[in-house]
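Below, each chain spelled out in residue letters.
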Amino acid sequence: MVVALRDVTKRFGSVRALDRVTLDVGEGEILVLLGPNGSGKSTLLKVVARLIPPDEGTVVLPADGRAMLASTGMLFDHTAHWEMLTGYENARFFARSYGMDPAAVHERLETLFHLFDLRERWGDPVSTYSYGMQRKLGLIEALAHEPSLILLDEPSIGLDYRARVTLAGLLRTAARRGAAVVFSTNDVNEAAGLADRVALFDRGWLLVSGEPSALVRSLGAKVTIDLRLKAPVALRPLGEVPGVESVGAEEREDGFYATVIATPDEAGPSSFLARIVHAVAGEGGVVMGAEIRTPGLTDVFLAYTGEKPDAS
């Protein structure tokens, strides 16, 4: 394990920001800390980064002191830059502070500035950068030295879509070379798209952790299939398809609909849909369109926290 937390508690006055959290992060793993605002995600990252000490429990890391700094890349909510220096000068300073080989700095920074669409502005003072540009610069500084532990606090805030795609690619590349990646978010789409494992937090508690697909399956949630029909058909044959739990029908402004609630077998929703369509055809019906709504990480978030997450 790259990081091991055991019964970690952190208090701020009477508030427990972390309450007896036990969690491991392994080499080559992308762990996403998911939860509402104020759930303890940022506090956990700062404890792991040794920016703040835990009040109770232990945090085991692969190195101490300067070796820890050299092997870690960090981005938190407020990026720290010298605004009168250029973007390149700031990034070079951080790269050298992390112990990066001077001969490799320029090429690595040029690559990252290109990837984040900042190459044309790397010679401008940071004081002229927008918030989003400063966030990109912070990510360049965190990733330039190819750290073995990457800690990012809601890194996609302020980023445009292209920069988000770039970041996702860089994090996957880092994990493939063996880095442990830990980042926080309250965006379930971001978590589902990147996480090898999700740790769901609320009010300082680690509620559950696991692979996104395993967490979804654990809910036992059903699949909903909306069928738009050319004309009404008998519903009984649809209800006899194995896995179907209920069937309803209604007439809407754009046509007739049958709604099927089901638990598909291991073949998956698409194969299941084919059997439903076959049953409709057996009654002389015609399916004009179909929509499958499958449970996802949003349902896990809602089930455990009672709150609707971001899906931006």
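Owing to the predicted nature of the structure, the values given are computational and were not obtained by experimental measurement.

(A) A look at the nonpolar core. Residues Leu-152 and Leu-171 are the most contacted members of the largest nonpolar core, which totals 49 residues. Of all the elements, helix 6 (residues 161-176) adds the most residues to this core, at seven residues. Non-local contacts of Leu-152, meaning those with residues more than four positions away in its chain, are made with Leu-45, Met-74, Leu-75, Leu-139, Ala-142, Leu-167, Leu-171, Val-182, Phe-183 and Ser-184. Judged by nonpolar contacts, the second largest core, of 25 residues, contains Val-3, Leu-31, Leu-45 and Phe-201.

(B) Region of the structure containing helix 11 (residues 297-305). Leu-297, Val-300, Phe-301 and Thr-305 are the residues of helix 11 that are buried. Projection of helix 11 onto a plane perpendicular to its axis shows the buried side chains occupying an angular sector of 100 degrees, all on one side. Taken together, the buried residues of helix 11 touch strand 3 (30-34), helix 7 (188-194), strand 8 (197-202), strand 9 (205-210) and helix 8 (212-218). Looking at the residues trailing helix 11, positive phi occurs at Gly-306, about 75 degrees.

(C) Spatial organisation of helix 1 (residues 41-48). With respect to burial, helix 1 is a largely interior element, six of its eight residues being buried. Of the positions making up helix 1, those classed as buried are Lys-41, Thr-43, Leu-44, Leu-45, Val-47 and Val-48. Looking one or two residues past helix 1, Arg-50 carries a phi angle of roughly 65 degrees, positive in sign.

(D) A look at the sheet that holds strand 4 (residues 56-60). Pairing in this open sheet of three strands is antiparallel, and the strands run 2-1-4 from one edge to the other. For this open sheet the edge positions go to strand 2 (15-25) and strand 4, each flanked by a neighbour on one side alone. The average angle at which neighbouring strand axes cross in this sheet is 20 degrees, direction not considered.

(E) Structural detail: the pattern of salt bridges. Taken as a whole and judged by the stated rule, the model has 17 salt bridges. Across the pair Glu-56 and Arg-11 runs a salt bridge whose closest N-O atoms are separated by 2.4 Å. Taken as a pair, Glu-56 in strand 4 and Arg-11 in strand 1 (residues 3-12) lie far apart in primary sequence, 45 residues in all. A relative accessible area of 28% means that Arg-11 is categorised as partly exposed. Across the pair Asp-124 and Arg-121 runs a salt bridge, and its minimum N-O distance is 2.4 Å.

(F) Region of interest: the sheet that holds strand 13 (residues 287-293). Strand order in the open sheet formed by four strands is 11-12-10-13, and the pairing between neighbours is antiparallel. Because the sheet does not close on itself, it has two edges, and the strands there are strand 11 (244-252) and strand 13. In this sheet, neighbouring strand axes are inclined to one another by 20 degrees on average, regardless of whether the strands run parallel or antiparallel. Bridge analysis of strand 11 against strand 12 (residues 255-262) gives eight bridges, and the strand direction is antiparallel. Its bridge partner being in strand 12, Val-247 is matched across the sheet by Val-260.

(G) Structural view of the packing of helix 3 (residues 87-97) against helix 4 (residues 102-115). Axis separation between helix 3 and helix 4 bottoms out at 10 Å; the angle between their running directions is 130 degrees. In this view, helix 3 runs oblique relative to helix 4, as classed from their interaxial angle. Seen from above, helix 3 lies across helix 4 with right-handed handedness. Contacts from Gly-87, Tyr-88, Ala-91, Arg-92, Ala-95 and Arg-96 of helix 3 reach helix 4 at Pro-102, Val-105, His-106, Leu-109 and Phe-113.

(H) Quick peek at the pairing of strand 10 (residues 223-229). In terms of burial, strand 10 is largely enclosed, as six of its seven residues are buried. Relative to strand 12, strand 10 is paired through seven bridges, and the arrangement is antiparallel. Counted as the bridge partner of Thr-224 is Ile-261 from strand 12. Here strand 10 runs beside strand 13; their pairing, made up of six bridges, is antiparallel. When the bridges of strand 13 are listed, Leu-229 appears paired with Val-287.

Cut-off values and rules
Residues numbered from 1 in each chain as written. Predicted model: local features only at pLDDT ≥ 70, side-chain atom pairs only at ≥ 80, totals over all residues. Heavy atoms only, no water. Core = buried A, V, L, I, M, F, W, Y, C linked by side-chain atoms within 4.5 Å. Buried < 20%, exposed > 50% of the residue type's maximum accessible area, 1.4 Å probe, protein only. Helix = DSSP H or I, 4+ residues; strand = E, 2+ residues; numbered from the N terminus. Contact = heavy atoms within 4.5 Å. Arc of directions from axis to C-beta. Pairing = 2+ DSSP bridges. Axes fitted to C-alpha atoms, helices over the stretch in contact; angles between N-to-C directions. Salt bridge = Lys/Arg side-chain N within 4 Å of Asp/Glu carboxyl O. Parallel < 35°, antiparallel > 145°, perpendicular 65-115°, else oblique. Left-handed = near helix turned anticlockwise from the far one by under 90°.

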